[in-house]
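# Understanding the architecture of this molecule
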Amino acid sequence: MRIIRFDNKGWRVRFDDGFNEENLSRIADAFACIWADAHPGATIMVGYDTRFNGRGFAALVAGVLASYGLHVLVSSGPCPTPALGWSIAQDQDAKGGIMLTASSASCEFGGISARGVDGGPVSEGFYDAAARIVSSAPVSERGTFSYVDMVTPYVQHLKAMVDAKAIAKAALVVVVDPMHGAACGCLAELLRSLGCRVHEIHNNLDPELGGLHPMAAEPWVDTCEQAVTTYQANVGIALDGDGDRFVLVDETGRLVSPHKTTPLLMEHMIRNRNVRGRVVVTHSCSEYVRRQAEYLGCELTAVPMGFSRIHSELIEKDVLLGAEEYGGVCIPAHLPERDGLLASLLMVEYMAMSHKSLSELVNQLQQRVGNMHYIRRDIRLDVASTQSFRNILPGLNLKEVCGMRPVWVSHSDGLILRFENGSWVQLRPSRTEALVRACAEAPSKGLANRLADEACEGVLKYLPR
């Protein structure tokens, strides 16, 4: 019997290491027990991405849920995670859902996560309860369920959220790269219906994801960058495997990092769409975001790593936008979950309404708040060293890095040091892998690299040899 250990994203393992029908039935049984006890006969929705046997696994999970008397609806085809979340939120009888996806992980991985009544993530308490009651053997009971189109109503809703006339008038040329994932066809067809000329690449439903790592980041978006220049497009949009994260490519074929698109979205929402509210980000968000919030006069709240922490802030109902540092953006007026399709659509709207290219919008941002360079490294250690690193961090303080004394220190999310010139560095052990992530941002690339180097050296010397 495999021990099931959930993290705050659910359960994700390789197909050849336990992601199979037996273990999925055990997990679905635990989730079903919780929902059936709390909401007998409630509607539960199931979605899946384009990975190996997605439809078959979804049917298995749905059958287990239905055996508890729950009313189960399964997506009629692969669907983005935000489409499932939006469908749950719109159905007053729905009390949750299950998404079968490993998101931005490679095709060797499968994943399963539970969704809450609002379409967003469930609490860690839900997973803790499920872990306690997971059966020791696969369950055999099955019930009946129905298939439903979750994508079309969701896409129609996205179309209604933007200024269709402005986008049509701009007649932008757009490259869309869904990376063989669940968003294949969705955003491309939506943009075409709004008057854009669209070139969609990596758009066949391939269980092996075309050999890509479906992560909206370099080097996996290289083909998208090349396609932008080939088609002389105004913008390129890459979406990860389940469509909850995105990244943009400007008209010159250069990647525009989430550290710049988030503050651009903030400006568009406040200045052009006339909505205000708090911006909630993780502690390791870019200095661009902090400076833009100050410029726009909006409150900024920083929380530890993990979208579940951002989600918990949405209860206050005063949040304009929530953002991770890796391209996940949440517009809670739409859905309390990251939605790469909506976020990228809003950026297309911004370009259309401003009559400016993406590179011009980025340059305008940098002229206003200054230029910063961001780097990230993964430092691989053995399991014991990673745990030792995790153990020493809470009591560790570095008095000086690169000749600079920190003006702010936090141990709430690994170790984060901020400096007077806006530079910062973070060291954070991964929750799921034997590695430490080092992130740094500074006015120059050289300083960002030195900050990461010195911070790592300053901490790693304390590990046992």
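First things first, this report covers the structure right here in the doc. (Residues numbered from 1 in each chain as written. Predicted model: local features only at pLDDT ≥ 70, side-chain atom pairs only at ≥ 80, totals over all residues. Heavy atoms only, no water.)

### Re the packing of helix H7 (residues 186–193) against helix H12 (residues 340–354)
- The geometry of H7 relative to H12 is characterised by a closest axis approach of 11 Å and an angle of 30 degrees between their N-to-C directions. Relative to H12, the element H7 lies roughly parallel. Seen along the crossing, H7 lies across H12 with a hand that is right-handed. Here Cys186, Leu187, Leu190 and Leu191 of H7 lie close against H12, whose contacting residues are Leu341, Ser344, Leu345 and Val348.
- Of the residues in the contact of H7 with H12, the class split is seven nonpolar, one polar and no charged. (Axes fitted to C-alpha atoms, helices over the stretch in contact; angles between N-to-C directions. Helix = DSSP H or I, 4+ residues; strand = E, 2+ residues; numbered from the N terminus. Parallel < 35°, antiparallel > 145°, perpendicular 65-115°, else oblique. Left-handed = near helix turned anticlockwise from the far one by under 90°. Contact = heavy atoms within 4.5 Å. Nonpolar A, V, L, I, M, F, W, Y, C, P; charged D, E, K, R; others polar.)

### Brief notes about the sheet that holds strand S14 (residues 319–323)
- Taken in spatial order, the four strands of this open sheet run S13-S12-S14-S15, and their pairing is mixed. A single partner strand is all that each edge strand has here, and the edge strands are strand S13 (300–303) and strand S15 (329–330).
- Pairing between strand S12 (residues 278–282) and S13: four bridges, direction parallel. Looking at S13, one finds that Thr282 is bridged to Val303. (Pairing = 2+ DSSP bridges.)

### Section: the pattern of salt bridges
- For the structure shown, the criterion picks out 19 salt bridges.
- Ionic pairing is found between Glu287 and Arg418, a salt bridge with its closest N-O pair at 4.0 Å. Of the two residues, Glu287 sits in helix H10 (residues 287–296) while Arg418 sits in strand S18 (residues 415–418), which places them 131 residues apart along the sequence.
- The salt bridge partner of Asp453 is Arg377, with a shortest N-O separation of 2.3 Å. Here Arg377 lies in strand S16 (residues 373–380) and Asp453 lies in helix H15 (residues 445–460), a separation of 76 residues in the sequence.
- Accessibility expressed as a relative area gives 33% for Asp453, which makes it partly exposed.
- Here the salt bridges do not stand alone but share partners, grouping Arg115, Asp244, Arg245, Glu324, Glu337 and Arg338 into one network. (Salt bridge = Lys/Arg side-chain N within 4 Å of Asp/Glu carboxyl O. Buried < 20%, exposed > 50% of the residue type's maximum accessible area, 1.4 Å probe, protein only.)

### What to know about H10
- Within H10, burial applies to Glu287, Tyr288, Val289, Gln292, Ala293 and Leu296.
- The backbone nitrogen of Tyr288 has a side-chain oxygen 2.9 Å away, supplied by the residue at the start of H10, namely Ser286.
- Backbone geometry just after H10 places Gly297 at a positive phi near 70 degrees. (Polar contact = N/O pair within 3.5 Å; in protein donor to acceptor, adjacent residues only side chain to side chain.)

### Notes on the layout of surface pockets
- Here the second largest pocket is characterised by a volume of approximately 220 Å³.
- Lining the second largest pocket are Asp118, His311, Leu314, Ile315, Lys317, Asp318, Val319, Pro332, Ala333 and Pro336. (1 Å grid on protein atoms, 1.4 Å probe; cavity = no way out; pocket = protein on both sides within 12 Å on 5 of 7 lines; lining within 4 Å. Points joined across faces, edges and corners; volume = space filled by probe spheres on them.)

### So, empty space enclosed by the protein
- Overall, the coordinates contain two cavities of 30 Å³ or more when judged by the stated rule.
- Within this model, the largest cavity holds a volume of roughly 60 Å³.
- As for the largest cavity, its lining consists of 13 residues, of which Phe19, Asp49, Arg51, Phe52 and Leu100 are closest to the centre.
- Listed by contribution, the elements that provide at least two residues to the lining of the largest cavity are helix H2 (54–66) and strand S5 (109–115).
- When its residues are assigned to classes, the lining of the largest cavity shows seven nonpolar, four polar and two charged.
- Lining the second largest cavity are Pro258, His259, Thr262, Val281, Cys285, Ser286, Val289, Ala323, Glu324 and Glu325.
- Looking at the lining of the second largest cavity element by element, the count peaks at three residues for helix H9 (residues 258–272).

### Description of the packing of aromatic side chains
- Summed over the entire model, instances satisfying the criterion amount to 16 aromatic pairs.
- Their ring planes at 10 degrees and their centres at 6.4 Å tell us that Phe15 and Phe57 sit as a pair that is stacked. Placement of Phe15 in the loop between strand S1 (11–14) and helix H1 (21–38) and of Phe57 in helix H2 is noted, with a sequence separation of 42 residues between them.
- Residue classification places Phe57 among the buried residues on the basis of a relative accessible area of 5%.
- Members of the aromatic cluster, connected to one another through ring pairs, are Phe6, Phe31, Trp35, Phe126 and Tyr127.
- The ring centre of Phe109 lies 5.8 Å from the NZ or CZ of Arg14, which sits over that ring.
- In this structure, Arg55 is placed above the aromatic ring of Tyr147, and the distance from its NZ or CZ to the ring centre is 4.3 Å. (Phe/Tyr/Trp six-rings, centres within 6.5 Å; stacked < 30°, edge-to-face > 60°. Lys NZ or Arg CZ within 6 Å of the ring centre and 35° of its normal.)

### Observations regarding helix H3 (residues 81–90)
- Burial analysis of H3 places eight of its 10 residues in the buried class, the great majority of the element.
- All buried positions along H3 are accounted for by Thr81, Pro82, Ala83, Leu84, Gly85, Trp86, Ser87 and Ile88.
- Buried residues along H3 sit against strand S2 (43–48), strand S4 (94–100), S5, helix H5 (151–160) and H12.

### Observations regarding the sheet that holds strand S6 (residues 146–148)
- Here six strands make up an open sheet; going across it, the order is S1-S5-S4-S2-S3-S6 and the pairing mixed. At either margin of the open sheet sits one strand with a lone partner, and together these are S1 and S6. Across the sheet, the mean angle separating the axes of adjacent strands is 20 degrees when strand polarity is ignored.
- Bridge analysis of S2 against S4 gives six bridges, and the strand direction is parallel. Counted as the bridge partner of Thr43 is Ala94 from S4.
- Along the sheet, H2 contacts S2, strand S3 (71–75), S4, S5 and S6; its crossing angle with S2, the most-contacted strand, is approximately 165 degrees.

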